[in-house]
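# Architecture at a glance
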Amino acid sequence: MEFHEKLQELRKAKGLTQEELAKILFVSRTAISKWEGARGYPSIDSLKDISTYFSVSIDDLLSGDTLITLAERENKNNIHSICDMMFTVIDLLVIVMIFLPMYPKTVDDHIYAVNLMMYTETTSLNRIVYWIFYLCHILLGSIKLVIHARIDEKWQRILIQCSMILSSISILYLALAREAYAVVVMFMLLILKGTIILKRLKVMH
């Protein structure tokens, strides 16, 4: 007997509807319907809850091979989730480009480092462009943070590509404007993003 048949049998033996079981397991009714329709399997945590509630072992619910496959899939999903969160944090870290003293200001023939809000040694256009780049990074990171758990893999990839393109353009513009410290910081953040992407791709394969 397959998992979906066992779950359906156990639920009916308790006299529960799919909605009632969903409330007990703290999942959606759609999830129960999907599991009973053989369109997917629960997470390891949900399997433990099912096992506990119906007083059956996980081995009785799933074969060993299926359980291993599920564990591997969940491990990959967890790594993906961690990578995506780290990528989001890096975008949010661009806020340091606004507050850290990394822009030159000449006072009495001495050069001091000031933050972006005090920076007046470049053109107004450059300052406006810097603000746009940095705020776009922060906005992109905020969006990813808010909708992280509610978007699929396709949209995750699109947001990651947008972030990488924005970082690359920012570095090119800062380099042309000869903002040495800002270029170094942005380049380091870009390297970190690239490392995370490589880790993400490695897990996918």
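Below is a short write-up of the structure.

### Notes on the overall build of the chain
Secondary structure summary: the chain contains 10 helices and 2 strands in total. In sequence order, the chain lays out its α and β elements as α-α-α-α-α-α-α-β-β-α-α-α. Its C-alpha atoms give the chain a radius of gyration of 25 Å, more than 25% over the compact-globule value 17 Å for 205 residues. For the chain, the spread of C-alpha atoms along the principal axes amounts to about 85 × 30 × 25 Å. The burial tally for the chain puts 35% of its 205 residues in the buried class. Residue pairs at least 24 apart in sequence account for 58% of intrachain contacts in the chain once pairs closer than 6 positions are excluded. Total accessible area on the chain stands at roughly 12,400 Å², and carbon and sulfur atoms take up 63% of it.

### A word on the packing of aromatic side chains
Under the criterion given, the structure shown has 7 aromatic pairs. The ring of Tyr 53 has Lys 14 lying over it, and the distance from NZ or CZ to the ring centre is 5.0 Å.

### Remarks on the pattern of salt bridges
All chains considered together, the criterion is met by 4 salt bridges. One salt bridge connects Glu 36 with Arg 11, and the closest N-O pair in it is separated by 2.6 Å. You can see Glu 36 sitting in helix 3 (residues 29-36) and its partner Arg 11 sitting in helix 1 (residues 3-13), a full 25 residues away along the chain. Residue Glu 36 is classed as buried on the basis of its relative accessible area, which comes to 6%. Close ionic contact of Asp 91 with Lys 193 constitutes a salt bridge, the shortest N to O distance being 2.7 Å.

### Considerations on a nonpolar patch on the surface
Together, Met 85, Val 89, Leu 93, Leu 145 and Val 146 give the surface a local cluster of nonpolar side chains, amounting to about 400 Å² of exposed area. Counting residues per element, the ones that place at least two in the nonpolar patch are helix 6 (64-93) and helix 8 (124-147). In terms of residue count, helix 6 provides more of the nonpolar patch than any other element does, 3 residues in total. With respect to the helices and strands, Val 146 occurs in helix 8.

### Examining the nonpolar core
Membership of the largest hydrophobic core comes to 26 residues, with the highest contact counts inside it found for Met 97, Tyr 103, Leu 116, Tyr 134, Leu 174, Ala 182 and Met 186. Mapped by element, the contributors of at least two residues to this core are helix 6, helix 7 (96-99), helix 8, helix 9 (153-176) and helix 10 (180-204). In terms of residue count, helix 10 provides more of this core than any other element does, 6 residues in total. Every residue in contact with Leu 116, bar those within four places of it in the chain, is listed here: Met 97, Ile 98, Tyr 103, Tyr 130, Trp 131 and Tyr 134.

### Here's the deal with the packing of helix 8 against helix 9
Where helix 8 meets helix 9, the closest approach of the two axes is 11 Å, and the angle between their N-to-C directions is 160 degrees. In terms of orientation, helix 8 and helix 9 fall into the roughly antiparallel class. Note on packing geometry: the crossing formed by helix 8 with helix 9 is left-handed. Together, Leu 125, Asn 126, Val 129, Tyr 130, Phe 133, Tyr 134, Cys 136, His 137, Leu 140, Lys 144 and Ile 147 of helix 8 and Leu 159, Cys 162, Ser 163, Leu 166, Ser 167, Ile 169, Ser 170, Tyr 173 and Leu 174 of helix 9 make up the contact between the two elements. Among the residues forming the contact of helix 8 with helix 9, the class breakdown is 14 nonpolar, 5 polar and 1 charged.

### Some points on helix 1
All of the buried residues in helix 1 are Phe 3, Lys 6, Leu 7, Leu 10 and Arg 11. For helix 1, the arc enclosing every buried residue in end-on projection is 130 degrees, short of the 170-degree limit, so these residues lie on one face. Exposed positions of helix 1 whose direction lies more than 90 degrees from the buried face are Lys 12 and Ala 13. At its buried positions, helix 1 is contacted by helix 2 (18-25), helix 3, helix 4 (44-54) and helix 5 (58-61). Positioned one or two residues after helix 1, Gly 15 has a phi angle of 70 degrees, which is positive.

Parameters and conventions
- Within each chain, residue numbers correspond to sequence positions counted from 1 in written order.
- Given that the model is predicted, a residue must reach a pLDDT of at least 70 before its local features are reported, and side-chain atom pairs must reach 80 or more before they are shown or counted; all residues, however, enter totals for whole chains, interfaces and linings.
- Think of the side-chain values as coming from all heavy atoms in the structure, minus any hydrogens and water.
- We count a stretch as a helix when DSSP gives it H or I for four or more residues in a row; a strand needs E for two or more, and each element gets its number in order from the N terminus.
- Computation of the radius of gyration draws on C-alpha atoms, with the globule rule given as 2.2 Å multiplied by the number of residues to the power 0.38.
- For the exposure calls, accessible area comes from a 1.4 Å probe over protein chains only, and a residue counts as buried if that area is under 20% of its type's maximum, exposed if over 50%, partly exposed in between.
- The contact rule is simple, with two residues in contact once any of their heavy atoms fall within 4.5 Å.
- Reported accessibility uses the Shrake-Rupley method at a 1.4 Å probe radius. Residues are deemed covered only where the shown protein chains occlude them.
- Only the six-membered ring of Trp is used, alongside the rings of Phe and Tyr, when aromatic pairs are assigned; centres must lie within 6.5 Å, and planes under 30 degrees apart are stacked while those over 60 apart are edge-to-face, with the rest tilted.
- Two thresholds decide whether a charge sits over a ring: the Lys NZ or Arg CZ must be within 6 Å of the ring centre and within 35 degrees of the ring normal.
- In the sections that follow, a salt bridge refers to a side-chain nitrogen of Lys or Arg positioned within 4 Å of a carboxyl oxygen of Asp or Glu.
- Each patch groups residues whose relative accessible area exceeds 30% and which form no salt bridge, using 9 Å between like charges and 5 Å between nonpolar side chains of Val, Leu, Ile, Met, Phe, Trp and Tyr.
- Only buried residues count toward a nonpolar core, which is a set of Ala, Val, Leu, Ile, Met, Phe, Trp, Tyr and Cys residues joined through side-chain atoms within 4.5 Å.
- A fitted line through C-alpha atoms serves as each axis, taken over the contacting stretch for helices, and the angle formed by two N-to-C directions is quoted from 0 to 180°.
- Reported orientations rely on four angle classes, namely roughly parallel under 35 degrees, roughly antiparallel over 145, roughly perpendicular from 65 to 115, and oblique for the rest.
- A clockwise turn of the near helix away from the far one marks a right-handed crossing, whereas an anticlockwise turn of less than a right angle marks a left-handed crossing.
- When residues are grouped by polarity, Ala, Val, Leu, Ile, Met, Phe, Trp, Tyr, Cys and Pro land in nonpolar, Asp, Glu, Lys and Arg in charged, and all others, Gly among them, in polar.
- This arc describes the spread of directions from the helix axis toward the C-beta atoms.

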